[in-house]
Amino acid sequence: MAAAADKTKKSADKDKAAKPRSPLLITALIAVVAAGAAGGGVWYFTQSHDDKAPATAEKAKSAVPAPAQYFGLEPPFVVNLSSSFDGPRYLQVEVQLMTRDPAALEAIKLHAPAIRAKLLMLFSQVEPAQIADRAGKEKLQADSLAEVQKLLKAETGNKGVDELLFTSFVTQ
């Protein structure tokens, strides 16, 4: 029995000796983990700011499109509309082509006579009822843009024109 009491006494002594070490060890481990986390946080934030700055600058450059450049097809188009009643009808349209590519602008200038010819043929096929409302005018505008892009694609390999705008539209 003395041996059992002796073992109990030794385990009690070990518990007393272990208890003071345990909080010290836990405190040291917490300090090491906190220091590592602080160092990792500093590294992360310094790295992510350096990586984000060029990406943000690149996004800003790509988000802002190149300035629009316009080319007016002068003089305005004047065509007879195909109409079987009410006598002759006329359409007068001023057209502006918009691009953001300087090379495309030069191609537009070079091929302006061919563009005018294609648009003239397209406008002369229009009936007055087709362009009586906004939807008809927008369809004519979309068809005109497609015609110009088709011509430029065949001549230069690039669509070249981003938009075709009617800056004046008169029917009589």
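On a predicted model such as this, the values are computed, not experimentally measured, just so you know.

Another aspect to go through is the overall build of the chain. If you tally the helices and strands in the chain, you get 4 helices and 3 strands. Put simply, the chain runs from its N terminus to its C terminus through helices and strands in the order α-β-β-α-α-α-β. Within the chain, the fraction of its 172 residues that count as buried is 22%. Contacts in the chain between residues far apart in sequence, at least 24 positions, make up 70% of those at least 6 positions apart.

Attention now goes to the pattern of salt bridges. Should their charged atoms come close, side chains of opposite charge can pair. For the structure shown, the criterion picks out 3 salt bridges. Of the charged contacts in the structure, one is a salt bridge between Glu-106 and Lys-109, with a shortest N-O distance of 3.8 Å. One end of the pair is Glu-106 and the other is Lys-109, both in helix H2 (residues 102-110) and 3 residues apart, which spans about a single turn. Relative accessible area serves as the criterion here: at 43%, Lys-109 is assigned to the partly exposed category. Its salt-bridge partner being Arg-134, residue Glu-138 comes within 2.7 Å of it at the nearest N-O pair. Pair noted here: Glu-138 and Arg-134 are both in helix H4 (residues 134-156), with a separation of 4 residues, about one helical turn. The class of Glu-138 is partly exposed, set by a relative accessible area of 39%. Classification of Arg-134 as exposed rests on a relative accessible area of 65%.

Right, let's talk about the UniProt feature "transmembrane region" (unreviewed entry) in the chain for a bit. Feature annotation in UniProt assigns "transmembrane region" (unreviewed entry) to the following positions: residues 24-45. Regarding residues 24-45, the helix share stands at 100% and the strand share at 0%, and the terminal C-alpha atoms are separated by 32 Å.

Read across the open sheet, the 3 strands follow the order S1-S2-S3; overall the sheet is antiparallel. In this open sheet, the two strands that pair with only one neighbour each are strand S1 (69-81) and strand S3 (163-171). Recorded for the sheet is a direction-independent mean angle of 20° between the axes of neighbouring strands. In terms of strand pairing, S1 meets strand S2 (residues 89-99) through 10 bridges, oriented antiparallel. Paired with Tyr-70 across the two strands is Met-98, which belongs to S2. Across the sheet, H2 lies against S1 and S2, angled at about 35° from S1, the strand it touches most. Here H4 sits on the sheet and contacts S2 and S3; the angle it forms with S3, its principal contact strand, is near 135°.

Procedures and definitions
- Residues numbered from 1 in each chain as written.
- Predicted model: local features only at pLDDT ≥ 70, side-chain atom pairs only at ≥ 80, totals over all residues.
- Heavy atoms only, no water.
- Helix = DSSP H or I, 4+ residues; strand = E, 2+ residues; numbered from the N terminus.
- Buried < 20%, exposed > 50% of the residue type's maximum accessible area, 1.4 Å probe, protein only.
- Contact = heavy atoms within 4.5 Å.
- Salt bridge = Lys/Arg side-chain N within 4 Å of Asp/Glu carboxyl O.
- UniProt positions renumbered as here; feature names shortened; annotations may be inferred.
- Pairing = 2+ DSSP bridges.
- Axes fitted to C-alpha atoms, helices over the stretch in contact; angles between N-to-C directions.

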